[in-house]
Amino acid sequence: MLILGFESSAKAASVALTSDGEVISQYFQKSGLTHSKTLLPMAEDLLKNAGLSLSDVDAFACAKGPGSFTGIRIGVSTVKGLCWGTGKNAVGVSTLEAMALSVPPAKDRIICGAMDARRNQVYNALFELSGDGSLVRLCEDRAISLEDLAAELKEMARPVYVIGDGAGLCCSFLEKEGIDAIMPPEEFRLQTAVGVCKAAEKHKAESAADLLPAYHRLSQAERERQEKLNSK
């Protein structure tokens with residue numbers, strides 16, 4: 001199965017192409033340009049260099065959240081458009097699961113995905129590796145305070161492997177709380193489209209109409225609106 005995957009949930013953007021789980025190529029960019037300007041040109045170059053076209057792709061995949069509201073919308077919209085234009089199916093995957101699938105093995109450690117959600121929170125999910133090396137999810141994706149995350153990890157009493165664009169912030173806080181926490185180098189820590197493709201292999205494809213973002217909390221505008229309504 002040939003999958004073209006997009007990752008746009010944070011500052012870095014990437015596109016990857018995999019065939020039955022094997023990575024053919026990946027394009028990674030952290031230039032500061034908006035993802036609406038980079039994703040499709042990256043995909044075009046990637047396919048051209050591989051001698052392929054959009055019609056050769058079996059499914060289009062993207063990180064549907066959590067992450068940057070704008071970035072997620074761009075990724076989801078890009079995949080929807082490609083699916084509608086080619087008649088192919090879409091696969092939306094958890095940003096945190098995709099990250100956990102793309103990092104080096106972390107045996108005997110809890111894999112802690114951490115994306116900066118601001119307001120002293122991180123978007124988080126916890127995973128571990130089973131005996132056969134497969135990834136096991138320990139909790140659902142969520143927005144959680146650093147204090148609550150540290151308290152939960154203390155109860156687990158296991159060393160932690162922190163990944164994601166919020167890993168530095170999270171790891172420093174966990175260390176101050178006396179938790180054995182480490183993180184990999186940046187090239188293994190950030191979200192990538194290869195992880196999106198790997199996660200897509202494990203999930204059922206759906207129609208473009210069914211692909212929806214998963215923000216996991218209200219936007220600032222929605223929070224302010226709710227506060228105004230509650231104050232009346």
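Residues numbered from 1 in each chain as written. Predicted model: local features only at pLDDT ≥ 70, side-chain atom pairs only at ≥ 80, totals over all residues. Heavy atoms only, no water.

Draft legend 1. Spotlight on the pairing of strand β3 (residues 22–29). Pairing between strand β2 (residues 13–19) and β3: 7 bridges, direction antiparallel. Among the inter-strand pairings, Ser14 is bridged to a residue of β3, identified as Phe28. Hairpin connection between β2 and β3: a loop of 2 residues separates the two successive antiparallel strands, and Asp20 in this loop has a positive phi of roughly 50 degrees. (Pairing = 2+ DSSP bridges. Helix = DSSP H or I, 4+ residues; strand = E, 2+ residues; numbered from the N terminus.)

Draft legend 2. Up close: the packing of helix α1 (residues 35–49) against helix α2 (residues 69–86). Where α1 contacts α2, the axes come no closer than 10 Å and their chain directions differ by 35 degrees. Remark: the crossing between α1 and α2 carries right-handed chirality. Residues His35, Ser36, Leu39 and Leu40 of α1 pack against Gly71, Ile74, Gly75, Thr78 and Leu82 of α2. Looking at the contact of α1 with α2 residue by residue, the classes come out as 4 nonpolar, 5 polar and no charged. (Axes fitted to C-alpha atoms, helices over the stretch in contact; angles between N-to-C directions. Left-handed = near helix turned anticlockwise from the far one by under 90°. Contact = heavy atoms within 4.5 Å. Nonpolar A, V, L, I, M, F, W, Y, C, P; charged D, E, K, R; others polar.)

Draft legend 3. Geometry of unusual backbone geometry. With an omega dihedral of 5 degrees, the bond running from Gly65 to Pro66 counts as a cis peptide bond. Mapped onto the elements of the fold, Pro66 is located in the loop between β4 (59–65) and α2. Phi is positive for Asn120, close to 60 degrees, though the residue is something other than glycine. If you trace the backbone, Asn120 turns up in the loop between β6 (110–118) and β7 (121–129). Take Asn120: its relative accessible area is 42%, and that puts it in the partly exposed class. (Buried < 20%, exposed > 50% of the residue type's maximum accessible area, 1.4 Å probe, protein only.)

Draft legend 4. Main features of the pattern of salt bridges. Enumeration according to the criterion identifies 6 salt bridges in this entry. Notably, a salt bridge pairs Lys30 with Glu186, separated by 3.2 Å at the nearest N-O pair. One end of the pair, Lys30, is in the loop between β3 and α1; the other, Glu186, is in helix α6 (residues 186–189), and 156 residues separate them in sequence. What makes Lys30 partly exposed here is its relative accessible area of 46%. The shortest N-O distance in the salt bridge between Lys154 and Glu177 comes to 3.0 Å. Taken together, the residues span a long stretch of sequence, with Lys154 in helix α4 (residues 146–156) and Glu177 in the loop between α5 (167–176) and β11 (181–182) at a distance of 23 residues. (Salt bridge = Lys/Arg side-chain N within 4 Å of Asp/Glu carboxyl O.)

Draft legend 5. Geometry of the environment of Ser94. Mapping Ser94 onto the fold places it in strand β5 (residues 89–94). If sequence neighbours within four positions are ignored, Ser94 has contacts with Gly65, Arg137 and Asp141. At 2.6 Å, the side chain of Ser94 and the side chain of Asp141 are in polar contact. (Polar contact = N/O pair within 3.5 Å; in protein donor to acceptor, adjacent residues only side chain to side chain.)

Draft legend 6. Inspection of the packing of helix α3 (residues 95–102) against helix α7 (residues 193–200) at higher detail. Direction vectors running N to C along α3 and α7 enclose 100 degrees, while the axes themselves pass 7 Å from each other. Accordingly, the angle class assigned to the pair α3 and α7 is roughly perpendicular. Contacts between α3 and α7 pair Glu97, Ala98, Leu101 and Ser102 from the former with Gly195, Val196, Lys198 and Ala199 from the latter. Of the residues belonging to the contact of α3 with α7, the class tally is 4 nonpolar, 2 polar and 2 charged. (Parallel < 35°, antiparallel > 145°, perpendicular 65-115°, else oblique.)

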